[in-house]
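Fold and contact review
Spelled out, the chains give:
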Amino acid sequence: MSQTPHMNLLPAQLDVLIIGAGISGVGAACHLQQQCPGKRFALVESQAGFGGTWRTHSYPGARSDSDLFTFGYRFKPWRGDPIATADQILKYMDEVISEHHLSERIHYGHRVLSARWSSAEACWFVKIQHTPAEGSPVIRQVRCNFLWMCQGYYRHAEGYTPEWPGRADFAGRIVHPQQWPQDLDLTGQRVVVIGSGATAATLVPSLAGTCEHVTMLQRSPTWFATGRNANELADTLRALDIPHEWTHEIVRRKVLHDQANIQQRCVQEPDAVAAELLAGVREALGPDFAHLADIHFKPSYRPWQQRLAFVPNGDLFKAVRNGQASVVTGQIERFLPEGIRLSNGEVVPADVIVTATGFNLNVLGDIAFQIDEQPLDFGRSVTWRGAMFTGLPNLVWVFGYFRASWTLRSDLLGDFVCKLLQHMDTHGLSSVVPQLRPEDQGMALSPWVRPDNFNPGYLARSMHQLPRQGDRAPWLHLQDYRIEKDTLPAAALDDRSLIFN
């Protein structure tokens, strides 16, 4: 694969430094290479290979819960089933890297420690630790004009695990999906997966049948959608020998149309959508287990207030129906040597406990930023279109969509960054930074993501670290592809919200 280490040294001076070689970083490199071919750029990646999430998550059955027609890049047709495994996504990314000759641009084992902006020199000085496969770590410094932050939004080295009472008393093994032990043998083991999100819904059917029994232990339910892991329109177009590029674009538009419709319905008629989702779960569970839908799969929040997880081919519910898996809903009181005791006194027996309990937010790569020798207080910044930030020059952070595929925004921002760099080159400009205009002073500010819009735990725990948004364009973080697909390409660079020098 294209993650084979190479001997090229990271250049000491660059026009653009892309941080992260996951789905965003590889996409950014493709856009930059195509639209700004004269730019000197490189990608640095702290892990030993590309892929980001799809490299980190090596637990059984790891897969995307976004369809690959929209999660795939717009410039690279997806030819498989809509829901893909981590291995399939890595293979797809490997093809992209190879087709765009990016191997020599990506530097693995390079972790950014700090970044210092100098207004006098209009550039970033970036300190990077390179840890080679053999030998001691080396500190390198890179000078670059622009930072393209593609490191994602959570820490890959550690997942979030709450501190439960009695955890040290448990006699078995406790693992987090982000650090899945390759030597873990679950034969004959009773496994409890704590969590109710997409990771738990993937793990439970993957483990079912390989262990004695697997239990999904959830504090509260998640909304699940069920359906075949297939796209009928894509299958029809492929059968008609329609070119792959056409099929990809047509299916992509149809999926986006359908997603926009369901999101709108979740707001306008949430009870009707909830009833439809529950009906799908009942059907997947079968008549003998349909009653479990109202007990374990009926959340208290409206659909899409947190992420709506897709269960391809209803595999989670099949595992319950077949008796290989079960679901328990309740509050954990404490761990015991033999398992977990709930607040109602019930004990869930376990030999292995998997904590599929979420992420720790990674804010700007956990990098120490300085602006003209002053530490950056990112939480005091105001965002410009959810991509740039007041007080932070020559930097874009790719933060994708919660309710749509991450790559959709990665592609949009790829076009925007290239447009911005072309504008600066044309006019001989060396720096750009968002700044509130006189008419924006005193406007109402709200969190990076409004809790009534989207409220998962990893955001709630770390919202104070994130920038705020305003009450008008361009100071909004909309999180809405339907709007941004039109507004981002048309974003004005001369409305006085961006200060160029």
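Refer to the preceding data block for the structure.
Scope of this entry: the structure provided in the associated data block. These numbers come from a predicted model, not from an experiment.

Analysis parameters
- Counting restarts for each chain, with residues numbered from 1 along the sequence as it is written.
- A pLDDT threshold of at least 70 governs which residues receive local features in this predicted model, and a stricter bar of 80 or more applies before side-chain atom pairs are shown or counted, although totals over entire chains, interfaces and linings include all residues.
- Each side-chain value is derived from all of the structure's non-hydrogen atoms; neither hydrogens nor water enter the calculation.
- Grid spacing is 1 Å over the protein atoms alone, the probe is 1.4 Å, and a cavity is where that probe fits but cannot get out, while a pocket is an open set with protein on both sides within 12 Å along at least five of seven lines and lining residues have an atom within 4 Å of a point.
- Grid points are joined across faces, edges and corners, and a volume is the space filled by probe spheres set on the points.
- A helix here means a DSSP run of H or I that spans at least four residues, while a strand means a run of E at least two residues long, and both kinds are numbered starting from the N terminus.
- Amino acids outside the nonpolar list (Ala, Val, Leu, Ile, Met, Phe, Trp, Tyr, Cys, Pro) and the charged list (Asp, Glu, Lys, Arg) are all regarded as polar, and Gly is one of them.
- Between any two strands, at least two bridges found by DSSP are needed for them to pair.
- Comment: axis = line fitted to C-alpha atoms, over the contacting stretch for helices; angle = value between 0 and 180 degrees taken between N-to-C directions.
- Note on classification: 1.4 Å probe, protein chains only; a residue is buried when its accessible area is under 20% of the maximum for its type, exposed when over 50%, partly exposed between these limits.
- Contact definition: two residues touch when any of their heavy atoms are within 4.5 Å.
- The cut-offs work like this: below 35 degrees is roughly parallel, past 145 is roughly antiparallel, 65 to 115 is roughly perpendicular, and the gaps in between are oblique.
- Here a crossing is called left-handed whenever its near helix is offset anticlockwise from the far helix by less than a right angle, and right-handed whenever the offset is clockwise.
- We call a set of buried residues a nonpolar core when its members are Ala, Val, Leu, Ile, Met, Phe, Trp, Tyr or Cys and they connect through side-chain atoms within 4.5 Å of each other.

A word on empty space enclosed by the protein. Going through the model one piece at a time under the given rule, you end up with one cavity of 30 Å³ or more. Its boundaries defined by the atoms lining it, the largest cavity holds a volume of some 30 Å³. Taken together, F69, G80, D81, P82, A230, N231, A234, D235 and R238 make up the full set of residues lining the largest cavity. Considering every element that reaches the lining of the largest cavity, the biggest residue donor is helix 6 (residues 232-239), with three residues. For the lining of the largest cavity, the residue count by class is four nonpolar, two polar and three charged.

Let's shift gears to the sheet that holds strand 16 (residues 347-349). Read across the sheet, three strands follow the order 14-15-16 without closing on themselves; strand pairing throughout is antiparallel. Two strands lie at the open edges of the sheet, namely strand 14 (332-336) and strand 16, each paired on one side alone. On average, each strand axis in the sheet is inclined to that of its neighbour by 25 degrees, with strand direction left out of account. Of the strand pairs in this sheet, strand 15 (residues 339-342) and strand 16 are connected by three bridges, and their pairing is antiparallel. Bridged to R341 within strand 16 is V347.

We now examine the side chain of T247. With respect to the helices, strands and loops of the structure, T247 is situated in helix 7 (residues 244-268). Among the residues examined, T247 registers a relative accessible area of 2% and is labelled buried. Once you skip the residues sitting within four places of it in the chain, T247 turns out to touch A234, L237, R238 and I242.

What follows is about the packing of helix 1 (residues 23-35) against helix 4 (residues 86-99). In the contact formed by helix 1 and helix 4, the axes pass within 11 Å of each other and the chain directions differ by 25 degrees. One way to sum up the angle between helix 1 and helix 4 is to call them roughly parallel. Crossing of helix 1 against helix 4: the hand is left-handed. In this structure, helix 1 uses I23, V26 and C30 to contact helix 4, whose residues at the interface are M93, V96 and I97.

If you look at the biggest cluster of nonpolar residues, it comprises 149 residues, and the most contacted ones within it are I18, W124, L147, W148, V193 and F369. In terms of residues, this core owes the most to one element, helix 11 (residues 406-426), which gives 10 residues. W164, V192, I194 and V348 belong to the second-largest nonpolar core, a separate cluster that totals 12 residues.

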